[in-house]
Every structure is written in C-alpha cells, then in structure tokens.
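Listed here are the chains, written in short residue letters.
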Amino acid sequence: MFIREKPYHLDLSYKGERCYLHGTDIAFQLCKVLDISGEVTIQFYKMATYPILAYHVDTDELSKLRSLGKMCALMSYRDTNQEIRIVALVEDKFKVISKRKAYSESKVILGANIVNDEIVQLVANQGNFFERVVALNKELLDRVVSENSWVFGRINLLTYPIDPASISIKLSGELGGNSYKSSIFGDNTLLGDIFFSRRKDDDWN
C-alpha cells in the first residue's frame, strides 16, 4: 500500500443476518478509535463485506485512492488539536469477517412516535447513537415517504462526542432523484444531518 501511515483495524462484525458491514458499526468504531473533538462527516460509497482498514491520508494519497476506486467510505473530523483530519476506508480482502452479532431495529426504535414529518424518541431503549439515528430515520422515511429498502449514505455532525437521551429526526426534504436529507436533534439541540437514498440492486445498507 502506498499510504505512509499505519492503518486502524476496526473491530467489526456482521449485523443480524446481513452479509455486509453495517454503516452504523463502521461509524461507531471510527469515532471510538479516533481522537475526535468537533465536527464529523462520514460518507459511504459502496458495500463492504471484508474487514476494513482506516488510514489517515493526505491529499495526494486521497487522490490516488479515488482514482483507483478503492475507497468504501471517507471520513473527515476535527481532532483534539482542532485540526481537520481525513480518513479513508478500504477493505482488507486478504481476511474475512468471522463474527456476527444479533440486532433488531424494532427494539432500537421502541417508544418512538411520528408526528407529521418528525420522529421522536425521548429515551434510549437499545443501541448506540449511530444505531438509533439510522434506525429512526429509516422508520421516518418508511412512514412519511414510502416503504423501501433505504441506504444510509452520509452523516454530518456538528460536534462529537455526543450521547443525547432524546433524539428527534425531522425530514428536511428530497435532494433530487431518490435521496433525502433529515436533520438530527438531540435533547432539543441541532446535532447535524443524515442522508439516505432508495436502495438499488447494487447498494448495500
């Protein structure tokens, strides 16, 4: 590999009956191992079925990865020195995922209510922040837009770490085509945005 820095090996498992890695687990593990103190953006490009390596990259390394089409996701964040860092995620196709864990989205969204174009869950029932936000937004889109297999494509957070008790997600609108943006609120404070699209045959989440 042409990237100079050593990679982070993310501790990931298959979720439920899925045979790909879930975006919520990738996001959670990234935020767990990195020294984040500020805004975060994570964008997913394609399904990952192999273990993931996360590399800090400079602009030249990022450009080469883009040209090779090797990235499955890209993250930018502000570290504890308030510097913007870029992390590229690639699959390690020489290894396999050996773990699987139980998961129920219906339990994660338990107690949530929808009014107009907003879903609200006052108290966490199960799951970490990313699991709650993704599951709640899926439920909102199913109920307000139409029932589909939705793809989690991107999340922008104004700050991290965060661990709100209540989470509400308000549909902001359609971005064109089959993509939708929603605003995330935690304990009545705007936390950021999340983006989903309707699943196509070659999509993943």
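First, a word on what this report is: a plain description of the structure on this page.

What counts, and at which threshold
Residues numbered from 1 in each chain as written. Predicted model: local features only at pLDDT ≥ 70, side-chain atom pairs only at ≥ 80, totals over all residues. Heavy atoms only, no water. Phe/Tyr/Trp six-rings, centres within 6.5 Å; stacked < 30°, edge-to-face > 60°. Buried < 20%, exposed > 50% of the residue type's maximum accessible area, 1.4 Å probe, protein only. Helix = DSSP H or I, 4+ residues; strand = E, 2+ residues; numbered from the N terminus. Lys NZ or Arg CZ within 6 Å of the ring centre and 35° of its normal. Salt bridge = Lys/Arg side-chain N within 4 Å of Asp/Glu carboxyl O. Axes fitted to C-alpha atoms, helices over the stretch in contact; angles between N-to-C directions. Parallel < 35°, antiparallel > 145°, perpendicular 65-115°, else oblique. Left-handed = near helix turned anticlockwise from the far one by under 90°. Contact = heavy atoms within 4.5 Å. Core = buried A, V, L, I, M, F, W, Y, C linked by side-chain atoms within 4.5 Å. Pairing = 2+ DSSP bridges.

1. Examining the packing of aromatic side chains
Point 1. Tallied over the entire structure, the rule returns 5 aromatic pairs.
Point 2. Look at Phe-129 and Phe-130: their rings are 5.4 Å apart centre to centre, the planes differ by 75 degrees, and that puts the pair in the edge-to-face class. Each of the two residues, Phe-129 as well as Phe-130, counts as buried.
Point 3. Judged by centre distance (5.7 Å) and plane angle (85 degrees), the rings of Trp-150 and Tyr-180 are edge-to-face. Here the residue Trp-150 occupies a position in strand β10 (residues 150-157), and Tyr-180 occupies one in strand β12 (residues 179-186), the gap between them amounting to 30 residues. Considered together, Trp-150 and Tyr-180 belong to a single accessibility category, that of buried residues.
Point 4. Lying over the aromatic face of Tyr-103, Lys-15 brings its terminal NZ or CZ to 4.4 Å of the ring centre.
Point 5. The ring of Phe-195 carries Arg-154 above its face, with NZ or CZ at 5.4 Å from the centroid.

2. What to know about the pattern of salt bridges
Point 1. In the structure shown here, the tally under the stated rule is 11 salt bridges.
Point 2. Across the pair Lys-101 and Asp-25 runs a salt bridge, and its minimum N-O distance is 3.2 Å. A residue pair is termed long-range when its members are at least 10 positions apart, and Lys-101 in strand β7 (residues 100-101) and Asp-25 in helix α1 (residues 23-33) qualify at 76 residues.
Point 3. Residue class for Lys-101 comes out partly exposed when judged on its relative accessible area of 36%.
Point 4. Its relative accessible area of 6% is what places Asp-25 among the buried residues.
Point 5. The partner of Arg-85 in a salt bridge is Asp-79, with the nearest N and O atoms 3.9 Å apart.
Point 6. What makes Arg-85 partly exposed here is its relative accessible area of 23%.
Point 7. Overlapping salt bridges, with partners in common, bring together Lys-15, Asp-25, Lys-101 and Glu-131 in one network.

3. What to know about the packing of α1 against helix α4 (residues 129-144)
When two helices pack together, you describe them by how their axes are tilted relative to each other and by the distance separating the axes.
Point 1. The N-to-C vectors of α1 and α4 enclose an angle of 150 degrees; their axes lie 8 Å apart at closest approach. By the angle between their axes, α1 is roughly antiparallel relative to α4. Crossing of α1 over α4 shows right-handed handedness. From α1, Thr-24, Asp-25, Ala-27, Phe-28 and Cys-31 reach across to α4, where they touch Phe-130, Glu-131 and Val-134.

4. Side note on the nonpolar core
Point 1. Within the largest apolar cluster, 49 residues are counted, with the highest numbers of intra-cluster contacts made by Leu-30, Met-75 and Leu-89.
Point 2. Counting residues per element, this core draws most heavily on α4, which supplies 8 residues.
Point 3. Filtering out sequence-adjacent residues up to four positions away, Leu-30 remains in contact with Leu-10, Ile-36, Ile-42, Ala-54, Met-75, Val-87 and Leu-89.

5. Some details on the pairing of strand β13 (residues 189-198)
Point 1. When you tally the buried positions in β13, you get 8 out of 10 residues, the bulk of the element.
Point 2. Summarising the sheet, β10 and β13 pair through 7 bridges and their orientation is antiparallel. Within β13, the position partnered with Trp-150 by the bridge is Arg-198.
Point 3. The pairing of β12 with β13 spans 8 bridges and is antiparallel. Bridging from a neighbouring strand, Lys-181 pairs with Phe-195 of β13.

Such coordinate-based values are descriptive only and should not be taken to indicate function.
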